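Descriptive analysis of the structure
Each chain, written out:
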Amino acid sequence: MTPLSRRGMLAGAAALAGTGAAVSSASPASAASGARDDRRRKAVVFRDVRPLGARTPVDLTVVDGRITGGRAPHGAEVVDCDGRVALPSLVDAHIHPDKTSWGGSWVTRKPASGIADYCAQDVELFKSQSRPVGERAYGLMAHAVTRGTRAMRAHVDVAPAYDLAGVEGVNTARERLRHALDVQIVAFPQHGVVRTPGTAELLEEAARSGRIDLVGGIDPISFDHAMDEQLDLVFGLADRHGVGVDIHLHDRDEKGTKVLRAIIDRTRALSLRGKVTVSHVFCLPNLADRELDAMAADLGDLDISLTTVAPNESLVLPIAKLREHGVRVGLGSDGVRDSWSPFGNADMLHRTHILGWVTDVRLDEELADCYRVGAHGGSDVMGLDRADLAPGAPADFVLVRAECLPQVVVDMPQRDVVVHGGRVVARNGKLV
């Protein structure tokens, strides 16, 4: 059998609503009234910035971690930005930080002929690492912050081979980075829910512990060979413990659409509207327009969100069509330097570049749309406020030297400054 690559396994650009920039031109002078209240509020003025590449620099004012259109309070801190472009921070809607070898020695990978082989190699890598999951995950997640990621949904392997070591490790990393990164954790049964005895009990324990935000699943038909049993178990956990669902679905044929219909049915039956995500969903790009419209209408009606890692032009989700039906679609970086692949870097700006590349875009607005998918698609999936630089929005943004947003997507300049909640958390590729 010919060995499969990650591209083989996980193998137009999105048209998200445009983001407007709203900034304050006020100086940090004292306001005429309310000075006593202002002194109790954390205020920062980011001076001389160009939101979304605007021609004219302005001052961006932040109070208590939110953008404000009002005057800066007396005594506000001032950060000189020297004409840099301010862009919304990015969101990684699908990443596996527990699997990574990031920051460690080079790992030589072996041929694999399917998911089961990759799972076995995951276990080998896990056992060979001298650094615990928490340390490896922290290194990767911190790196993502320095590249402008404000939030991520972390899929963490739960299986008898690991017990809950991954959940515990990523929780440790999440706590260390709580000032700089918002993290949701998915208990992900990479080895299967039904085919691997003991996994169901571990998922139950993880959901009951309060240490996860969602419970996952994987290819209920083609890998677990037990669609109803897997989905009933996963959705039952979500219903009992008040967590969300995020299921990996790689099947490209009618098995994929059958599973997607079963997910829709259970979401409706259990009133889990807005709490279910399906990742990859390789069956959707191959659907005829009429069938795609019907499926997208049901997904939109139940607010079932989707994620893509833009693996290639034939498997990237039809984001523009899905959005016509109100379907939330996020972008993610997937695995990074793990047993599945030597590639990956947790840099979501690079992933927006990949999205543009695989969808063959060339117009400025198309390139800007790719960035908006990376910035706002994932925040929509995770239920976070959009960091769109408008008054009231979270003050999560990056500052770069650039001419305009389309050029940023193509050139991927250094993220000179990363701001999270109005606080500078990284400079020149390093946490501060």
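Residues numbered from 1 in each chain as written. Predicted model: local features only at pLDDT ≥ 70, side-chain atom pairs only at ≥ 80, totals over all residues. Heavy atoms only, no water.

Some remarks on the overall build of the chain
Operational definition: What counts as a helix is a DSSP run of H or I of at least four residues, what counts as a strand is a run of E of at least two, and both are numbered from the N terminus. Between the two quantities, the radius of gyration covers C-alpha atoms and the globule rule is 2.2 Å times the number of residues to the power 0.38. Accessibility here uses a 1.4 Å probe with only protein chains present; expressed as a share of the type maximum, an area under 20% marks a residue as buried, one over 50% as exposed, and anything in between as partly exposed. Where accessible areas are quoted, they stem from the Shrake-Rupley method and a 1.4 Å probe; at the residue level, only the protein chains shown are allowed to cover. His is not counted here, nor are the chain ends, while Lys and Arg score as positive and Asp and Glu score as negative. Every charge is mapped onto a representative atom, which is NZ of Lys, CZ of Arg, CG of Asp or CD of Glu.
Broken down by element type, the chain carries 13 helices and 16 strands. Taken against the 2.2 N^0.38 rule, which gives 22 Å for 432 residues, the C-alpha radius of gyration of the chain at 22 Å falls within 12% of a compact globule. Overall, the chain is about 70 × 50 × 40 Å in size when its C-alpha atoms are taken along their principal axes. A burial count over the chain gives 59% of its 432 residues as buried. Entry remark: accessible area of the chain is about 16,900 Å², with carbon and sulfur atoms responsible for 47%. Treating the 51 positive side-chain charges of the chain as one cloud and the 57 negative ones as another, the clouds have centres 5 Å apart.

Quick look at the sheet that holds strand 7 (residues 182-188)
This is how it is decided: Two strands are said to pair when DSSP picks up at least two bridges between them. To obtain an axis, a line is fitted to C-alpha atoms, over the contacting stretch when the element is a helix, and the angle between two such axes runs from 0 to 180 degrees between their N-to-C directions. Two residues form a contact once any of their heavy atoms are found within 4.5 Å.
Taken in spatial order, the eight strands make up an open sheet running 5-6-7-8-9-10-11-12, and their pairing is parallel. At either end of the open sheet lies a strand with only one pairing partner, and these are strand 5 (90-95) and strand 12 (329-331). Adjacent strand axes in the sheet meet at a mean angle of 25 degrees when their direction is disregarded. The strands touched by helix 11 (residues 348-358) are strand 5, strand 6 (149-157) and strand 12; relative to strand 5, the strand with the most contacts, the crossing angle is about 80 degrees.

A few points about the pairing of strand 6
Put simply, the rule reads: The definition of a right-handed crossover adopted here requires that, viewed with the strands pointing away, the path from the first strand over the helix to the second runs clockwise.
Of all nine residues in strand 6, nine are buried, a share of seventy percent or more. Both strand 5 and strand 6 contribute to a ladder of four bridges, which runs parallel. Looking across to strand 6, one finds that Ile95 is bridged to Ala154. Here seven bridges tie strand 6 to strand 7, and the two strands are oriented parallel to one another. When the bridges of strand 7 are listed, Arg153 appears paired with Gln184. Taking the sense of rotation as the criterion, the β-α-β connection linking strand 6, helix 5 (residues 165-176) and strand 7 turns out right-handed.

Details of the pairing of strand 8 (residues 214-218)
Across the five residues that make up strand 8, a large majority, five, are buried. Covered by surrounding structure in strand 8 are Leu214, Gly216 and Ile218 together with Val215 and Gly217, the residues of both alternating faces. Summarising the sheet, strand 7 and strand 8 pair through two bridges and their orientation is parallel. Paired with Val186 across the bridge in strand 8 is Leu214. Note on the crossover from strand 7 through helix 6 (residues 199-209) to strand 8: the handedness is right-handed. In the sheet, strand 8 pairs with strand 9 (residues 244-249) via five bridges, with the strands oriented parallel.

Description of the pattern of salt bridges
Basically, it comes down to this: Between Lys or Arg on one side and Asp or Glu on the other, a salt bridge is scored when a side-chain nitrogen of the former is within 4 Å of a carboxyl oxygen of the latter.
As enumerated under the stated definition, the model contains 27 salt bridges in all. Residue Arg47 pairs with Asp59 through a salt bridge whose shortest N-O separation is 3.7 Å. Residue Arg47 is found in strand 1 (residues 43-51), and its partner Asp59 is found in strand 2 (residues 58-63); the two are separated by 12 residues along the sequence. Its salt-bridge partner being Lys110, residue Glu124 comes within 3.0 Å of it at the nearest N-O pair. You can see Glu124 sitting in helix 3 (residues 115-128) and its partner Lys110 sitting in the loop between strand 5 and helix 3, a full 14 residues away along the chain. The class for Glu124 is partly exposed, based on a relative accessible area of 43%. Through salt bridges with shared partners, one network takes in Lys99, Asp122 and Asp157.

A word on the packing of aromatic side chains
The line we're drawing: Only Phe, Tyr and Trp rings are paired, with Trp represented by its six-membered ring, and only when their centres lie within 6.5 Å; those with planes under 30 degrees apart are stacked, over 60 edge-to-face, the remainder tilted. In this scheme, Lys NZ or Arg CZ marks a charge over a ring once it lies within 6 Å of the ring centre and within 35 degrees of the ring normal.
Taken as a whole and judged by the stated rule, the model has three aromatic pairs. Residues Tyr118 and Trp340 carry aromatic rings whose centres are separated by 4.3 Å and whose planes lie at 10 degrees to one another, so their mutual orientation is stacked. Of this pair, Tyr118 sits in helix 3 while Trp340 is found in the loop between strand 12 and helix 11, placing the two residues 222 residues apart along the sequence. The class for Trp340 is buried, based on a relative accessible area of 8%. It is Arg109 that lies over the ring of Trp106; its NZ or CZ is 5.3 Å from the centre. Taking NZ or CZ as reference, Arg195 lies 4.1 Å from the ring centre of Phe223, over its face.

Points about the sheet that holds strand 15 (residues 423-427)
Read from one edge to the other, the open sheet built from eight strands follows the order 3-2-1-4-13-14-15-16, with strand pairing classed as mixed. In the strand order of this sheet, the two ends are held by strand 3 (66-68) and strand 16 (430-431), each with one partner. Two elements, strand 1 and strand 2, share five bridges in a ladder whose sense is antiparallel. Paired with Val44 across the strands is Val62, a residue of strand 2.

Some words on helix 11
Here is the rule we go by: Counted as a polar contact is a pair of N or O atoms within 3.5 Å, where, for protein atoms, one must be capable of donating a hydrogen and the other of accepting one, and residues adjacent in sequence contribute only when both atoms are in side chains.
Those residues of helix 11 lying buried are Met348, Leu349, Arg351, Thr352, Leu355, Gly356 and Val358. Contacts from the buried residues of helix 11 go to strand 5, strand 6, strand 12, helix 12 (364-382) and helix 13 (405-411). Measuring from the side-chain oxygen of the N-cap residue of helix 11 to the backbone nitrogen of Leu349 gives 3.0 Å; that N-cap residue is Asp347. Directly beyond the C-terminal end of helix 11, a positive phi value near 60 degrees is found at Asp360.

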